[in-house]
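Inside the fold
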Amino acid sequence: MIRKRMTVWYGEMASRKQLALRGSAILSPSILWLLLLLVLPGLVLIAVSFTERGAYGEIEWFFSLDNYKRLMGFGMLGWSSDILSIIARSVWVAFVTTVISVLLSYPISFFIVSRPQRQRILWLTVLIVPFWTNMVIRAYAWFLLLAPDMPLTKLAVFIGVHPPNTPLYPSSFAVYLGMVSMFLPFVALPLYSSVERLDWSLVEAAQDLYATRVRVFMQAILPQTIPGLTAGVILTFVPAMGMFVVPNLLGGSKFMLVGNLIQQQFGASRDWPFGAAISMGLMVLTMISLQIYSKKGKGVEPI
């Protein structure tokens, strides 16, 4: 006689099969959501990336690797580095944006944690306020802040790094400034959560052992903030790779990133197959970057 192994589940005896069915019923809405809005569009994107563009912008279902060859720079006139330069620029902009956001988020997080409990809510609200405004509106706001008669522009003219009577946009400086302002809260909020839970006894122990400030941070503070840092880096680097609103508005037509290139293919150029191939390349590049970061992040050891 075969006996079923029973488990107590919320005061009720249930077999493993019954628990599996109940678990599947609970998870089915979220799984269905992911299938419809993530997996299925991804599969369609993969299929379209191997097709060809028709004479009038329609999709012709003749499968080939031409779009991926074009992505690598091989076109009708031979090899060109234009596409690869755009991809490299996108990675660099996302990397610089992430690094600057991290460097600014640490002092912001420690400052908020050092405030009394009531004041923390106020400062967190100030940090979250940009989320209440549309990204396009925030980008347009920089047009006013970087105008010729504004203090930042006058300072650049006084130093001698910018010509007079001209705004600070379009320029790479305006792009980096806009990108950091967009993504700073994505790093600061997870870091604040980690800094708030710091075990200060480890910091005091490092100081008692005559560790320098750099060593205290690297071996007593940084390892404890790795969870928040990891979340912040992912939330910043991944969307920054595909950002197109800020570079398009503050960088002009000369500062093109992968996001702008994809938007151009699905918009004015009506070259959906090549746009899908670029999107797939961006997804692969993002996954490789995250894999490298996850391996490097494991090397940080506490004191």
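Rules behind the numbers
Residues numbered from 1 in each chain as written. Predicted model: local features only at pLDDT ≥ 70, side-chain atom pairs only at ≥ 80, totals over all residues. Heavy atoms only, no water. Helix = DSSP H or I, 4+ residues; strand = E, 2+ residues; numbered from the N terminus. Buried < 20%, exposed > 50% of the residue type's maximum accessible area, 1.4 Å probe, protein only. Contact = heavy atoms within 4.5 Å. Areas by Shrake-Rupley, 256 points an atom, 1.4 Å probe, with all protein chains shown as cover. Axes fitted to C-alpha atoms, helices over the stretch in contact; angles between N-to-C directions. Parallel < 35°, antiparallel > 145°, perpendicular 65-115°, else oblique. Nonpolar A, V, L, I, M, F, W, Y, C, P; charged D, E, K, R; others polar.

1. Quick word on the overall build of the protein
In terms of regular secondary structure, the protein is built from 13 helices and six strands. Over its C-alpha atoms, taken along the principal directions, the protein stretches across nearly 75 × 60 × 35 Å. Counting across all 303 residues of the protein, residues that qualify as buried make up 33%. Residue pairs in contact within the protein that sit at least 24 positions apart in sequence constitute 62% of those at least 6 positions apart. Of the roughly 19200 Å² that the protein leaves accessible, carbon and sulfur atoms contribute 70%.

2. Considering unusual backbone geometry
Of the consecutive residues Tyr169 and Pro170, the connecting peptide bond is found in the cis state with omega at -5 degrees. For Pro170, the position within the fold is in the loop between α6 (151–159) and α7 (172–196). Positioned with a positive phi, Tyr210 is a non-glycine residue whose angle comes to about 60 degrees. With respect to the helices, strands and loops of the structure, Tyr210 is situated in the loop between α8 (200–208) and α9 (213–221).

3. Comments concerning the environment of Asp149
Examined against the element boundaries, Asp149 turns out to sit in the loop between α5 (135–145) and α6. By relative accessible area, which is 53% here, Asp149 ends up exposed. As for Asp149 and Pro167, which are separated by 18 residues in sequence, their C-alpha atoms are 8.3 Å apart.

4. Remarks on the packing of helix α4 (residues 117–128) against α7
At a minimum axis separation of 10 Å, α4 and α7 run at an interaxial angle of 155 degrees. Between α4 and α7, the angle falls in the class roughly antiparallel. Contacts between α4 and α7 involve Arg120, Leu124, Leu127 and Ile128 on the former and, on the latter, Pro185, Ala188, Leu189, Tyr192 and Glu196. Across the contact of α4 with α7, the residue classes break down as seven nonpolar, no polar and two charged.

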